[in-house]
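Next come the chains, spelled out residue by residue.
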Amino acid sequence: MTLTAAARVSVAPRAFPTNGGGLCRKGWTSAAVLSAPDRLTTPLMRTQAGTQVPVTWEVALDHVAACVRDARLAHGPDAVAVFGGGGLTNEKAYQLGKFARVALGTRLIDYNGRFCMSSAAAAGSRAFGVDRGMPFPLTDLAGAGAILLAGSNPAETMPPFVRHLDGVRSRGGLLVVDPRRSATAALTAEGSGRHLGIVPGTDLALLLGLLHVVLAEGLHDHDYIASRTTGFDHVAASVSLWWPERVEQVCGIPAREVRRAARVLAASAPHRGGPGAFVLTGRGAEQSTQGTATVTAAINLALALGLPGRRGSGYGCLTGQGNGQGGREHGQKADQLPGYRSIEEPAARVHVAAVWGVDPATLPRRGVPALDLLHRLGTPGGPRVLFVHGSNLLVSAPNATAIQERLQSLDLLVVSDVVPSETARLADVVLPVTQWAEEEGTMTNLEGRILRRRKAIDPPEGVRSELWVWRQLARRLAAPGRWPTSPAKVFDELARASAGGIADYSGASHAIIDAAEEAGRGIYWPCPPDTIQTRTSRPDADRTVTAPGPAHPPADVNAAGVADAGAEPEGTPRLFLDAFPHPDGRARFVVVEHHAPADDLREDAPIHLVTGRVLTHYQSGAQTRRVPELRSAAPEPVLELHPLLADRLGIEPGALVRVTSARGAAFGRAVVTTDIRPDTVFMPFHWSGLGSVNRVTSDATDPISGMPDFKVCAVSVEPVAADVPVLEVSA
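Residues numbered from 1 in each chain as written. Predicted model: local features only at pLDDT ≥ 70, side-chain atom pairs only at ≥ 80, totals over all residues. Heavy atoms only, no water.

**Side note on the overall build of the protein**
Thought 1: Within the protein one finds 23 helices and 28 strands.
Thought 2: A globule of 731 residues ought to have a C-alpha radius of gyration of about 27 Å, and the protein, at 25 Å, matches this closely.
Thought 3: The buried share among the 731 residues of the protein stands at 62%.
Thought 4: Within the protein, contacts between residues separated by at least 24 positions form 73% of all contacts whose residues are at least 6 apart in sequence.
Thought 5: When the accessible surface of the protein is totalled, it reaches about 24800 Å², and 53% of it is carbon and sulfur.
Thought 6: Considering the protein, the positive charge centre built from 72 side chains and the negative charge centre built from 73 side chains are found 3 Å apart. (Helix = DSSP H or I, 4+ residues; strand = E, 2+ residues; numbered from the N terminus. Rg over C-alpha atoms; globule rule 2.2 N^0.38 Å. Buried < 20%, exposed > 50% of the residue type's maximum accessible area, 1.4 Å probe, protein only. Contact = heavy atoms within 4.5 Å. Areas by Shrake-Rupley, 256 points an atom, 1.4 Å probe, with all protein chains shown as cover. Lys, Arg positive; Asp, Glu negative; His and termini not counted. Charge placed at Lys NZ, Arg CZ, Asp CG, Glu CD.)

**Describing the environment of P684**
Thought 1: Of note, P684 is situated in strand 27 (residues 680-684).
Thought 2: In sequence terms P684 and P637 are 47 residues apart; their C-alpha atoms lie 6.8 Å from each other.
Thought 3: Not counting the four nearest positions on each side in its chain, P684 is found in contact with G612, V614, V638 and V693.

**Things to note about the state of the cysteines**
Thought 1: In this structure the tally under the stated criterion is 0 disulfides.
Thought 2: There is no disulfide at C317, and the cysteine sulfur nearest it, in C116, is 8.5 Å away.
Thought 3: Of the residues examined, C317 reaches a relative accessible area of 2% and is grouped as buried.
Thought 4: Cysteine C527 remains unbridged, with the sulfur of C317 as its closest cysteine sulfur at 19 Å. (Disulfide = S-S within 2.5 Å.)

**Digging into the packing of aromatic side chains**
Each aromatic ring pair is specified by the distance between its two centres and by the angle formed by the two planes.
Thought 1: Summed over all chains, the structure comprises 14 aromatic pairs.
Thought 2: Ring plane angle 15° and centroid distance 5.8 Å describe the contact between F128 and F580, whose orientation is recorded as stacked. A residue pair is termed long-range when its members are at least 10 positions apart, and F128 in helix 4 (residues 118-128) and F580 in the loop between strand 21 (570-571) and strand 22 (587-588) qualify at 452 residues.
Thought 3: By relative accessible area, F580 is classed as buried at 2%.
Thought 4: Connected via pairs of aromatic rings, a cluster forms that spans F99, F387, W470 and W483.
Thought 5: In this structure, R180 is placed above the aromatic ring of F682, and the distance from its NZ or CZ to the ring centre is 3.7 Å.
Thought 6: Looking at R464, its charged tip hangs above the ring of W468, at a distance of 5.3 Å from the centre. (Phe/Tyr/Trp six-rings, centres within 6.5 Å; stacked < 30°, edge-to-face > 60°. Lys NZ or Arg CZ within 6 Å of the ring centre and 35° of its normal.)

**A short note on the confidence of the model for the protein**
Thought 1: Per-residue confidence for the protein averages 92 on the pLDDT scale, and 93% of its residues sit at or above 70.
Thought 2: This stretch, residues 538-565, has a pLDDT under 50; its non-local contacts, to residues over four places away or in other chains, come to 73 contacts.
Thought 3: Under a pLDDT of 50 for its full length, residues 727-731 has, in the predicted model, 20 contacts with residues more than four places off or in other chains. (pLDDT = per-residue confidence, 0-100.)

**Overview of the layout of surface pockets**
Thought 1: Of the voids in this model, the second largest pocket is the one considered here, and its volume is about 590 Å³.
Thought 2: Forming the walls of the second largest pocket are 27 residues, and the residues nearest its centre are A122, S125, K333, D335 and Y340.
Thought 3: Listing elements by their share of the lining of the second largest pocket, those giving two or more residues are helix 4 and strand 14 (341-342).
Thought 4: If you tally residues by element for the lining of the second largest pocket, the top one is helix 4, at 5 residues. (1 Å grid on protein atoms, 1.4 Å probe; cavity = no way out; pocket = protein on both sides within 12 Å on 5 of 7 lines; lining within 4 Å. Points joined across faces, edges and corners; volume = space filled by probe spheres on them.)

**Some words on the pattern of salt bridges**
Thought 1: Applying the stated criterion to the full structure yields 36 salt bridges.
Thought 2: R263 serves as the salt-bridge partner of E217, at 2.7 Å between the closest nitrogen and oxygen. Note that E217 is positioned in the loop between helix 7 (203-216) and helix 8 (222-228) and R263 in helix 11 (residues 255-268), a separation of 46 residues in sequence.
Thought 3: The salt bridge partner of R259 is E245, with a shortest N-O separation of 3.1 Å. Within this pair, whereas R259 is found in helix 11, its partner E245 is found in helix 10 (residues 244-251), the two being separated by 14 residues in sequence.
Thought 4: The exposure class assigned to R259 is partly exposed, which follows from its relative accessible area of 24%.
Thought 5: Classification of E245 by relative accessible area gives partly exposed; the value is 37%. (Salt bridge = Lys/Arg side-chain N within 4 Å of Asp/Glu carboxyl O.)

This is the structure we're talking about:
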């Protein structure tokens, strides 16, 4: 989008390959958040009486630094922890990881992307040797004959994406896996594809069944498997147990539909002369105790059909946050250094420490995943101080009541935010920081394309960038190294730190990205200097790259002959065309097994609860609930249920209902619809207080990724007397 700063800030569409200039309602109204009536503009500190009062920046930062010093002196460096966010720019995500490890000396840093992309990241890294959500440009989807979309509802969560599905719908090849007939599932109507309305929590079983059919009917790509993969025989043996009739019993999908879906995918695979096929996953398949296994099964299916590394085909996952890709590449994760390097790898520690100007031996080791970190807060031996950036934990974390108790047990909670979110209201110190239109920086989208964020307006007086905050605190804590506040200079340092890593940004700079965009070219990581053609001698350039020529595929045309919008991209728009970044150059098949949800149905909780987003709100709703147009369109939490279930429970449309799990209860208004299974209810997660569905969700986690089991748990549902108040369901 383009933001116009005149007497009144306005938003206008911008021609761009990813969204084609399209915006959803959240995009069109995004300028309203810039002038929210309760915008934070001065630091706040909690008094002994328990109220938050305005203070100067000097007072707030001096207090924070003193508390950090006291905690570290009494309990060691891990007495301080950091929780970041997938909405931070690349520069902020990088600097936050550096701040945690150099200025604070703690190993306890993680971020809310653990709740979003971690299962896909773990599975992709294991299978391919790299985690990039989509290892191809989105425009490649246009030529596909079949797309399997498991656990995602982009028609509501990212509407501009839907234009990329027009081609596959015209060919009748859109396969949507979802317990609900969501807006995306509805796109399969009238011959455009098939909706597979599975029992919640059984995506993995369905994927195993699809692979069974592909192998049993000889539809797999023998040559690709032999030349480009390892581990196939073990996976083939394991899926022999998942014949379609068994899948039907587990998933509720008729065996004939399982066979049909597998055949549709295979018919479009390149080795069978098809135009191309894709397997895509989203949070519905990934936010589970078997999320990594489910994504692995999706990748196994794609590999068996010979899709990854072929133009016009592949596997990909849909990113859920504004910088969900870039935010997980440069140091916010518990085990990570910039460039997607492991913090345990000796050579990586030496390289990054040299960029930071510190001794590698002083860098802490790996930390713990987000939920483990949160559960340790305030416990014996656990953190006493927590910094929160770009996250609203009281609404977004599973089993949210338990998380609130842990936050309240801290000696110091410091929250940086733009509005008084629920977590900010709980904080001991609140720091008002800049938001999107008030700052420079970069983001990396779901394709691995590095995008520029450009400042359009000045922030309100009293508001500061996190880069400034971390510099001030680093100085107060006598931290070594350099702490620039210019986003362009921070990006240059990020580029040096990432050089040679999996997510290599070393050939890019703000000036180079600007020049490439002006020329109609995108830059995709990895983008070392020899993949960059753009030359710049602009006075604001921090360095000039003059590589003699491209080292990436020359033509930006997919298998169906559909040209991408814009000029030839730079860096690496498509991964795996020649090899996978494992030592042997091969992708890995990995055996996985299906198991029931951690919180399965039982006598006192006989209904599946699934959660997700709605069109007019985003994440915890802290920002969108402050936009009048969005709040009026969806003013309070709702619970979708089937007419048969509503009749059995005595629930009328619009009635107030209580949803109860083993962890707690949430309240919402009943929406009776045939677009959901009779054994399942759906509740969005954008509200707080008694309307927060995350008071109910399970905090069991995936053993590999640390992903919580957000997407399915067992509940009971009952109508509530009309005079029972439901608090805090709006901003």
